[in-house]
Amino acid sequence: MERKEFLKTCGFGLVGLPFAASLLHSCGGIHYAVANENNGMISIAKSQFVIHPEKPDKLRNFVMVQSSRYKFPLCLYRTDKENYVASLMRCTHRGCELNVGGGIYSCPCHGSEFTNDGTMMTGPADENLKTFTTTTDAENITIHLS
Ligand code: FES
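To start, this report covers the structure provided alongside it. (Residues numbered from 1 in each chain as written. Predicted model: local features only at pLDDT ≥ 70, side-chain atom pairs only at ≥ 80, totals over all residues. Heavy atoms only, no water.)

## Thoughts on the state of the cysteines
At step 1: Evaluation of the coordinates by the stated rule reveals one disulfide.
At step 2: Residue Cys96 pairs covalently with Cys109 via a disulfide, S to S 1.9 Å. Since a negative S-S torsion denotes a left-handed disulfide, the Cys96-Cys109 link at about -100° is left-handed. In this pair, Cys96 sits in the loop between β7 (83-88) and β8 (99-101) while Cys109 sits in the loop between β9 (104-106) and β10 (113-115), placing the two residues 13 residues apart along the sequence.
At step 3: A relative accessible area of 37% places Cys109 in the partly exposed class. (Disulfide = S-S within 2.5 Å. Helix = DSSP H or I, 4+ residues; strand = E, 2+ residues; numbered from the N terminus. Buried < 20%, exposed > 50% of the residue type's maximum accessible area, 1.4 Å probe, protein only.)

As C-alpha cells, this is what we get:
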C-alpha cells in the first residue's frame, strides 16, 4: 500500500470512528426486558428499568418486551413513577414495526407518529396503537394481554 493510500484509508477510519461510537451509544438505549409470560399476562420486574445497579435512581424511560402472542415487540413506557403504558410496536397504517425515540413512536415506512401512550399524532395512520392494561405492585409491572 502506498503512503498516500494508507493515509487516505486511515483518515476515513478516523472520521468514521465518532459516528460508529455514537451508533453504539444510541443502540445501548434499547433494553429488552427479561419477562415472564403466563396465562395472558407478562410480568416484568421494575428493576428492569434501572440503567446501572450502582445508580438505582437512574431509570430508563422504556423497555421493550417480547410476547409469544405477537410478532412485534411491546414497548413498556414509564409515563411517571408508578404509571406505565404498554403499546404494540405495529403501525396501524400498514403494519410496519415502529421505532422508539425522542419520547414518541415513529414509523419508518410512511412517517406516521404516535405518542408514547399509543395515540396517533401524524398520519397516514388513522388509528391509535393497540395498547394493553398494566398493573403494578411493589416490585413488578404486569401487562394484561387480553
Ligand atoms: S406502515 Fe406506518 S405509516 Fe405506513
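Moving on from the model shown.
## Concerning the layout of surface pockets
At step 1: Quantified by volume, the largest pocket comes out at close to 150 Å³.
At step 2: Around the largest pocket, the lining residues are Lys46, Ser47, Phe49, Val50, Pro56, Leu59, Arg78, Lys81, Glu82 and Tyr84.
At step 3: Residues of the lining of the largest pocket, tallied by class, amount to five nonpolar, one polar and four charged. (1 Å grid on protein atoms, 1.4 Å probe; cavity = no way out; pocket = protein on both sides within 12 Å on 5 of 7 lines; lining within 4 Å. Points joined across faces, edges and corners; volume = space filled by probe spheres on them. Nonpolar A, V, L, I, M, F, W, Y, C, P; charged D, E, K, R; others polar.)

## Brief notes about the environment of Phe114
At step 1: By the secondary structure assignment, Phe114 is in strand β10.
At step 2: The exposure class assigned to Phe114 is buried, which follows from its relative accessible area of 0%.
At step 3: As a C-alpha pair, Phe114 and Cys91 span 23 residues in sequence and 9.0 Å in three-dimensional space.
At step 4: Excluding residues that lie within four positions of it along the chain, Phe114 makes contacts with Cys91, Thr92, Leu98, Ile104, Tyr105, Thr119, Met120, Met121, Ala125, Glu127 and Leu129. (Contact = heavy atoms within 4.5 Å.)

## A look at the environment of Ile44
At step 1: Residue position: Ile44 is located in strand β2 (residues 41-45).
At step 2: Residue classification places Ile44 among the buried positions, given a relative accessible area of 0%.
At step 3: Ile44 sits 98 residues away from Thr142 along the chain, and the two C-alpha atoms are 6.4 Å apart.
At step 4: Excluding residues that lie within four positions of it along the chain, Ile44 makes contacts with Ala33, Val34, Ala35, Val65, Leu76, Glu139, Asn140, Ile141 and Ile143.

## A closer look at the sheet that holds β10
At step 1: A sheet is described by the order of its strands in space; here four strands give the open sequence β8-β9-β10-β11, paired in antiparallel fashion. Looking along the sheet, the strands with just one partner apiece sit at the ends: β8 and β11 (120-122). For this sheet the average axis-to-axis angle between neighbouring strands, irrespective of direction, equals 30°.
At step 2: Strand direction decides the pairing type here: β8 and β9, joined by three bridges, are antiparallel. Looking at the pairing, Asn99 lines up with Ser106 of β9. (Pairing = 2+ DSSP bridges. Axes fitted to C-alpha atoms, helices over the stretch in contact; angles between N-to-C directions.)

These values are about where atoms sit, not about what they do.
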